[in-house]
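What the coordinates show
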Amino acid sequence: TSIYLSSQHRDSLINEIESIIPPIIPHEYGGDEFSRWIHPDNNRSILYLHVGKTGGTSLDRLFRSNCEYYNSGIDSPCFRSLPKSEVRLSRLISQTLHLPGVTKDYNSILKTMVIDANERHNITSFLFTLRNPINRAVSAFNMHHIDNILRWPKRSKLKQHLREKFYHDCFPTIERLAMILGRQQNATYINKIGKNREAHDCYSLGVRAITGIGS
């Protein structure tokens, strides 16, 4: 599920973020050797590449570019939740991009997205949010669970069918997913889409999902 920050926690996060990017002192004015490679704020343009389930929703309450990514209007809840005084990092981020799901065209799609952002904003820096991969997988599993009260819009008939089989027949719990991926348990599901109604191993479905290429 999404995490929404209280005002107190948001202020704490703002202070933490501001401490990560102290003002840059140009090398010629006494800055360290590394600073010669850093653009000063007035020439800096950051592209935030949001990796799913790494805190991007929480950062909606800090980064103006996140609200712009959703095409939210100025009066939308996203913009209204932003601090009255925009944090420095938010001012430096020119655009937010949500990284697409892994497909055979993933590299080409990502390259096109980054090139387009660079042409629009002359990007000088990239920002990523990272998370422990196990925690990230558990979070995604719980958020997309078919029994979650958050109702996701139905996709194509095949994708919706596989989602139902994934959670109901194969992996009703995250523990079951771990056991099957570890080959400590076995499970199968019947694909009722199309003419082929034979049983399929849940293991391959789990591998596709955990590596990012499932639906």
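What counts as what
Residues numbered from 1 in each chain as written. Predicted model: local features only at pLDDT ≥ 70, side-chain atom pairs only at ≥ 80, totals over all residues. Heavy atoms only, no water. Buried < 20%, exposed > 50% of the residue type's maximum accessible area, 1.4 Å probe, protein only. Helix = DSSP H or I, 4+ residues; strand = E, 2+ residues; numbered from the N terminus. Pairing = 2+ DSSP bridges. Polar contact = N/O pair within 3.5 Å; in protein donor to acceptor, adjacent residues only side chain to side chain. Contact = heavy atoms within 4.5 Å. Phe/Tyr/Trp six-rings, centres within 6.5 Å; stacked < 30°, edge-to-face > 60°. Lys NZ or Arg CZ within 6 Å of the ring centre and 35° of its normal. Salt bridge = Lys/Arg side-chain N within 4 Å of Asp/Glu carboxyl O. Core = buried A, V, L, I, M, F, W, Y, C linked by side-chain atoms within 4.5 Å. pLDDT = per-residue confidence, 0-100. Axes fitted to C-alpha atoms, helices over the stretch in contact; angles between N-to-C directions. Parallel < 35°, antiparallel > 145°, perpendicular 65-115°, else oblique. Nonpolar A, V, L, I, M, F, W, Y, C, P; charged D, E, K, R; others polar. Disulfide = S-S within 2.5 Å.

1. Concerning the pairing of strand β1 (residues 46-50)
Most of β1 is tucked away, with 5 of its 5 residues classed as buried. Burial along β1 is two-sided: the face carrying Ile46, Tyr48 and His50 and the face carrying Leu47 and Leu49 are both buried. Sheet topology places β1 next to strand β3 (residues 125-128); 4 bridges connect them, and they run parallel. Looking at β3, one finds that Leu49 is bridged to Phe128.

2. Observations concerning the side chain of Ser125
When you line up the elements, Ser125 lands in strand β3. Among the polar contacts made by the side chain of Ser125, one reaches the side chain of Thr124 at a distance of 3.3 Å. Those residues in contact with Ser125 that sit more than four places away from it in its chain are Arg44, Ser45, Ile46 and Leu47.

3. Digging into the packing of aromatic side chains
On inspection of all chains with the given rule, the structure shows 6 aromatic pairs. Pairwise contacts between aromatic rings join Phe141, Phe166, Tyr167 and Phe171 into one cluster. Over the ring of Tyr203 we find Arg183; its NZ or CZ atom is 3.5 Å from the centre of that ring.

4. A word on the pattern of salt bridges
Across all of its chains, the model carries 5 salt bridges by this definition. Among the salt bridges present, the one from Arg64 reaches Glu68, with a minimum N-O distance of 3.1 Å. Taken as a pair, Arg64 and Glu68 lie in helix α2 (residues 64-69) at a separation of 4 residues, close to a single helical turn. Assessed through its relative accessible area of 22%, Arg64 is described here as partly exposed.

5. Overview of the nonpolar core
Among the nonpolar cores identified, the biggest contains 13 residues, and Phe141, Phe166, Cys170, Phe171, Tyr189 and Cys202 are the most heavily contacted of them. Of the residues forming this core, the biggest block, 4 residues, is contributed by helix α7 (residues 157-170). Ignoring sequence-local partners within four residues, the contact set of Phe171 consists of Phe141, His145, Phe166, Arg176, Leu177, Ile180, Cys202 and Gly206. In this structure, Leu49, Leu97, Leu99 and Leu110 belong to the second largest nonpolar core, which totals 9 residues.

6. Thoughts on the confidence of the model for the protein chain
The share of residues in the protein chain with pLDDT of 70 or more is 75%, and the mean pLDDT across the chain is 80. Element-level mean pLDDT values for the protein chain span from 64 in helix α1 (residues 7-20) up to 95 in helix α8 (residues 174-181). Ignoring residues within four places in sequence, the model shows residues 22-31, a span with pLDDT below 50, making 14 contacts including any to other chains.

7. So, the packing of α8 against helix α9 (residues 202-210)
In the contact formed by α8 and α9, the axes pass within 9 Å of each other and the chain directions differ by 110°. By the angle class used here, α8 and α9 are roughly perpendicular. From α8, Leu177, Ile180 and Leu181 reach across to α9, where they touch Cys202, Tyr203, Gly206, Val207 and Ile210. Each residue belonging to the contact of α8 with α9 can be placed in one class, and the counts come to 7 nonpolar, 1 polar and no charged.

8. Focus on unusual backbone geometry
For residues besides glycine, phi is generally negative; the peptide bonds are generally trans as well. Non-glycine residue Asn122 carries a positive phi angle of around 50°. Structurally, the position occupied by Asn122 is in the loop between α5 (106-121) and β3. Among the residues examined, Asn122 registers a relative accessible area of 57% and is labelled exposed.

9. Observations regarding the environment of Ser204
Following the sequence through the fold, Ser204 ends up in helix α9. Along the sequence, Ser204 and Ile180 sit 24 residues apart, while their C-alpha atoms lie 9.8 Å from each other.

10. As for the sheet that holds β3
With respect to topology, 3 strands assemble into an open sheet ordered β2-β1-β3, the strand pairing being parallel. Sheet topology places β2 (93-98) and β3 at the edges, where each strand pairs with a single neighbour. Direction aside, the axes of adjacent strands within the sheet are offset by 25° on average. Against the sheet, α5 touches β1, β2 and β3, its axis set at about 165° to β2.

11. Describing the state of the cysteines
Tallied over the entire structure, the rule returns 2 disulfides. Covalent S-S linkage joins Cys67 and Cys78, the inter-sulfur distance amounting to 2.1 Å. One disulfide, between Cys67 and Cys78, carries an S-S torsion of -90° and so falls in the left-handed class. Note that Cys67 is positioned in helix α2 and Cys78 in helix α3 (residues 77-80), a separation of 11 residues in sequence. In this pair, the class of Cys67 matches that of Cys78, namely buried. A disulfide bridge connects Cys170 with Cys202, and the sulfur atoms are separated by 2.0 Å. Classification of the bridge connecting Cys170 and Cys202 rests on its S-S torsion, roughly -70°, and on that basis the disulfide is left-handed. With Cys170 in helix α7 and Cys202 in helix α9, this residue pair connects regions lying 32 residues apart in the sequence. Here Cys170 and Cys202 have matching classes, each one buried.

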